[in-house]
Amino acid sequence: MPISHAEPITLTCPACGASHTAEIWQIVAPDERPDLVEQIRNGALHTVTCPQCDQTHTLDAPLLIFRPTAAPPILFSPAQQTTSEQDQQHAAALIRHPAPAPGRGVERRLARAGTGNRAAPDVASGFGR
Ligand SMILES: [Zn+2]
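Residues numbered from 1 in each chain as written. Predicted model: local features only at pLDDT ≥ 70, side-chain atom pairs only at ≥ 80, totals over all residues.

Asker: Looking at this structure, how should I read the pairing of strand S1 (residues 5-12)?
Answerer: The side chains of a regular strand alternate, first on one face of the sheet and then on the other. The sheet contact formed by S1 and strand S2 (residues 19-28) spans eight bridges and is antiparallel. Considered in S2, the bridge of Thr-12 is made with Ser-19. The loop that links S1 with its antiparallel partner S2 comprises six residues; one of these, Gly-17, has a positive phi angle of about 85 degrees. (Pairing = 2+ DSSP bridges. Helix = DSSP H or I, 4+ residues; strand = E, 2+ residues; numbered from the N terminus.)

Dropping the structure here:
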């Protein structure tokens, strides 16, 4: 069973207001998906394109990276516009998900995963439930 996991979420385009859905990667296992790692490096992993107006925008979404053979095995890149409490909830929820390796602790920010959240507008509000 793959570890990597994308969650379909409904977004509202900040440019034209159209609702659309996008698959947002929440858990990435580099061993499985080197292509996604490339997107993380480029800051493109959480970038979505509006099917209506073709604008791209970047989501403010947390990301968990799971590397079974590395130390630490779990890296967590929290969303930007969240409190540390929310970050912990996001991390706990993601770790519980298919839960490959619980209990090793989460290295906050270590990944510097560059999900490109800096420019994120509020398109992701409501995300994380
Ligand atoms: Zn749009």
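Having put the structure on the table, let's press on.
Asker: What is the right way to look at the environment of Leu-59 in this model?
Answerer: If you trace the backbone, Leu-59 turns up in the loop between strand S4 (56-58) and strand S5 (63-66). The exposure class of Leu-59 is buried, given the 22 C-beta atoms found within 10 Å. Placed 12 residues apart in sequence, Leu-59 and Thr-47 show a C-alpha to C-alpha distance of 6.2 Å. (Buried ≥ 20, exposed ≤ 12 C-beta atoms within 10 Å, placed from the backbone.)

Asker: Please clarify how unusual backbone geometry should be interpreted in this entry.
Answerer: Peptide bonds are trans in most cases, and residues, glycine excluded, mostly fall at negative phi. Cis peptide bonds are those with omega within 30 degrees of zero, and the linkage from Ala-71 to Pro-72 qualifies with -5 degrees. When you line up the elements, Pro-72 lands in the loop between S5 and strand S6 (74-77). Notably, Asp-54 is not glycine yet its phi reads approximately 70 degrees, a positive angle. On the secondary structure map, Asp-54 appears in the loop between strand S3 (47-49) and S4. On the neighbour-count criterion, Asp-54 (10 C-beta atoms within 10 Å) is exposed.

Asker: How do you make sense of the confidence of the model for the protein when you look at a structure like this?
Answerer: Any region with low pLDDT has predicted coordinates that should not be read closely. Looking at the protein, pLDDT values average 80 and 74% of them are 70 or higher. Within the model, the stretch residues 99-129 combines pLDDT values under 50 with 66 contacts to residues more than four positions away or in other chains. (pLDDT = per-residue confidence, 0-100. Contact = placed C-beta atoms within 7 Å.)

Asker: What should I look at first to understand the nonpolar core in this one?
Answerer: Generally speaking, nonpolar side chains in soluble globular proteins are found buried as a group. If you look at the biggest cluster of nonpolar residues, it comprises 25 residues, and the most contacted ones within it are Val-28, Leu-63 and Leu-64. Of all elements in the fold, only S1, S2, helix H1 (34-42), S5, S6 and helix H2 (84-96) reach the threshold of two or more residues within this core. Contacts of Leu-64, omitting those with residues within four sequence positions, involve Gln-26, Ile-27, Ile-74, Phe-76, Ala-91, Leu-94 and Ile-95. (Core = buried A, V, L, I, M, F, W, Y, C linked by C-beta atoms within 7 Å.)

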